[in-house]
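Here is what each chain is made of, one letter per residue.
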Amino acid sequence: MPRVIVFTILLLGLLALIPPAIFARMRSTPGPGRPIHIVQDMDYQPKFKTQTANPLFADGRAMRQPVPGAVARGEVMDDPHYLEGAIDGQWATEFPSQVEVNMALLDRGRERFNIYCSVCHGVAGYGDGMVNLRAMALMANADGPVDGTAWVQPKNLHLPEVAAQPVGQIFHSITNGIRNMAGYQAQIATADRWAIVAYVKALQLSQNAPAGLRAEATP
Ligand code: HEC
């Protein structure tokens, strides 16, 4: 094949690379205008963006004000006794007025405690739940910490320092967690967290009942 034809083919081949190179460059560098947008779908449509003007309304704003007195869902935080277990920054020693302490509440509390807490703290609250037993077994068979972490045993809820806690403090621990224990606000509704507090108190009483209490209580 004559050399001139070979060179011409090579040259044309190189020139053919230029348009795709320009396209690639334009696609990858920001430019002042909008890119060519052939299929529009609903990408550009007439609308008012937030914080802009809209002549349709008398006040000229595109955004509407909330209805007077509107409260954002889940943001009423004006009842610290019920929602945080605290009154004026002190742990509440009484149940809030919304919570009626009766057998139905204790039953509900026992059911919820057995679902959410007994796995770690044990059904009787001694910190001997199944998760703990399993973790202890894993630790016993390992040379060092398992997965780089050491196991913190769930607290025995009958220790004097826990039994002495006011109801508000226990509520707070369940709600927000405490040290190595996670909070249960997301999983357990507020009313149920109070039911669990009542049940924990009943559990603690049951393990520390003074002799003769039963005889006095049932004449
Ligand atoms: C995944 C295991 C686990 C579950 C489930 C769990 N806890 Fe705990 N809990 C712990 C651990 C661990 C501690 C000790 C935390 C520490 O000392 O770092 C603890 C501590 C506590 C304490 C003691 C707080 C203090 O002031 O020392 C209370 C009260 C308590 N938990 C109540 C509950 C209740 C009620 C539930 C059910 C809603 C629950 N826990 C569910 C692991 C758990």
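All values derive from a computational prediction rather than experimental measurement.

Observations concerning the overall build of the protein
Line of reasoning, step 1. On a plain count of helices and strands, the protein comes out with nine helices and two strands.
Line of reasoning, step 2. Ordered by position in the sequence, the α and β elements of the protein form the string α-α-β-β-α-α-α-α-α-α-α.
Line of reasoning, step 3. Its C-alpha atoms give the protein a radius of gyration of 34 Å, more than 25% over the compact-globule value 17 Å for 219 residues.
Line of reasoning, step 4. Taken along its principal axes, the extent of the C-alpha atoms in the protein is 120 × 70 × 30 Å.
Line of reasoning, step 5. For the protein, the proportion of its 219 residues judged to be buried stands at 23%.
Line of reasoning, step 6. Within the protein, contacts between residues separated by at least 24 positions form 49% of all contacts whose residues are at least 6 apart in sequence.
Line of reasoning, step 7. Put simply, the protein shows about 16500 Å² of open surface, and 61% of that area lies on carbon and sulfur atoms.
Line of reasoning, step 8. Placing the 18 positive and 18 negative side-chain charges of the protein at their respective mean positions leaves the two points 16 Å apart.

Details of the coordination of the iron atom of the ligand
Line of reasoning, step 1. Coordination of the iron atom of the ligand by the protein is provided by His121 (NE2) and Met181 (SD), with metal-donor distances spanning 1.9 to 2.1 Å.
Line of reasoning, step 2. Given six donor atoms and angles of 86 to 178° at the metal, the environment of the iron atom of the ligand is assigned as octahedral. One end of the pair, His121, is in helix α4 (residues 118–121); the other, Met181, is in the loop between α7 (167–176) and α8 (190–207), and 60 residues separate them in sequence.

A closer look at the site of the ligand
Line of reasoning, step 1. The immediate surroundings of the ligand are formed by 19 residues, with Cys117, Cys120, His121, Gln165 and Met181 found nearest.
Line of reasoning, step 2. Gln165 places a polar side-chain atom, nitrogen or oxygen, 2.7 Å from an oxygen atom of the ligand.
Line of reasoning, step 3. Among the elements that line the shell around the ligand, the one with the most residues is α4, at three residues.
Line of reasoning, step 4. Among the residues forming the shell around the ligand, the class breakdown is 13 nonpolar, four polar and two charged.

Considerations on the packing of aromatic side chains
How two aromatic rings sit relative to each other is given by the distance of their centres and the angle of their planes.
Line of reasoning, step 1. Under the definition given, this model contains four aromatic pairs.
Line of reasoning, step 2. Aromatic pair Tyr116 and Tyr184: ring centres 6.4 Å apart, planes at 65°, arrangement edge-to-face. In this pair, Tyr116 sits in helix α3 (residues 103–116) while Tyr184 sits in the loop between α7 and α8, placing the two residues 68 residues apart along the sequence.
Line of reasoning, step 3. Here Tyr116 falls in the partly exposed class, since its relative accessible area comes to 24%.
Line of reasoning, step 4. By way of ring pairs, the aromatic residues Phe95, Phe171 and Trp194 are connected into one cluster.
Line of reasoning, step 5. One residue, Arg64, lies across the ring of Phe57, its end atom 3.6 Å from the ring centre.

Brief notes about the pattern of salt bridges
Side-chain pairs of opposite charge can arise whenever the charged atoms involved come near each other.
Line of reasoning, step 1. The final tally for this structure, using the stated rule, is six salt bridges.
Line of reasoning, step 2. Notably, a salt bridge pairs Arg61 with Asp59, separated by 3.7 Å at the nearest N-O pair.
Line of reasoning, step 3. In this structure Asp59 comes out as partly exposed when scored by relative accessible area, which is 41%.
Line of reasoning, step 4. Among the salt bridges present, the one from Glu111 reaches Arg112, with a minimum N-O distance of 3.2 Å.
Line of reasoning, step 5. Salt bridges sharing partners connect three or more residues here, namely Arg108, Glu111, Arg112 and Asp192.

What about the confidence of the model for the protein?
Line of reasoning, step 1. The predicted model of the protein averages 89 in pLDDT, with 93% of residues at 70 or higher.
Line of reasoning, step 2. Below pLDDT 50 for its whole length, residues 215–219 participates in zero contacts with residues either more than four positions away or in separate chains.

Concerning the nonpolar core
Line of reasoning, step 1. Of all hydrophobic cores here, the largest spans 20 residues; its most connected members are Phe113, Trp194, Ile196, Val197 and Val200.
Line of reasoning, step 2. Sorting the residues of this core by element identifies α3, α7 and α8 as the ones contributing at least two each.
Line of reasoning, step 3. Counting residues per element, this core draws most heavily on α8, which supplies eight residues.
Line of reasoning, step 4. Leave out the neighbours within four places in its chain, and Phe113 touches Ser118, His121, Gly122, Val123, Gly125, Leu157, Ile196, Tyr199, Val200 and Leu203.

What to know about the environment of Trp91
Line of reasoning, step 1. Relative to the elements of secondary structure, Trp91 occurs in strand β2 (residues 90–91).
Line of reasoning, step 2. Apart from residues no more than four positions distant in its own chain, Trp91 is found in contact with Glu84, Gly85, Ala86, Pro166, Gly168, Gln169 and His172.

Quick notes on the rules
Residues numbered from 1 in each chain as written. Predicted model: local features only at pLDDT ≥ 70, side-chain atom pairs only at ≥ 80, totals over all residues. Heavy atoms only, no water. Helix = DSSP H or I, 4+ residues; strand = E, 2+ residues; numbered from the N terminus. Rg over C-alpha atoms; globule rule 2.2 N^0.38 Å. Buried < 20%, exposed > 50% of the residue type's maximum accessible area, 1.4 Å probe, protein only. Contact = heavy atoms within 4.5 Å. Areas by Shrake-Rupley, 256 points an atom, 1.4 Å probe, with all protein chains shown as cover. Lys, Arg positive; Asp, Glu negative; His and termini not counted. Charge placed at Lys NZ, Arg CZ, Asp CG, Glu CD. Donors = N, O, S within 2.8 Å, 3.2 Å for Na, K, Ca; no water. Tetrahedral: all angles 85-135°; square planar, octahedral: opposite > 155°, others 65-115°. Near = heavy atom within 4 Å. Polar contact = N/O pair within 3.5 Å; in protein donor to acceptor, adjacent residues only side chain to side chain. Nonpolar A, V, L, I, M, F, W, Y, C, P; charged D, E, K, R; others polar. Phe/Tyr/Trp six-rings, centres within 6.5 Å; stacked < 30°, edge-to-face > 60°. Lys NZ or Arg CZ within 6 Å of the ring centre and 35° of its normal. Salt bridge = Lys/Arg side-chain N within 4 Å of Asp/Glu carboxyl O. pLDDT = per-residue confidence, 0-100. Core = buried A, V, L, I, M, F, W, Y, C linked by side-chain atoms within 4.5 Å.

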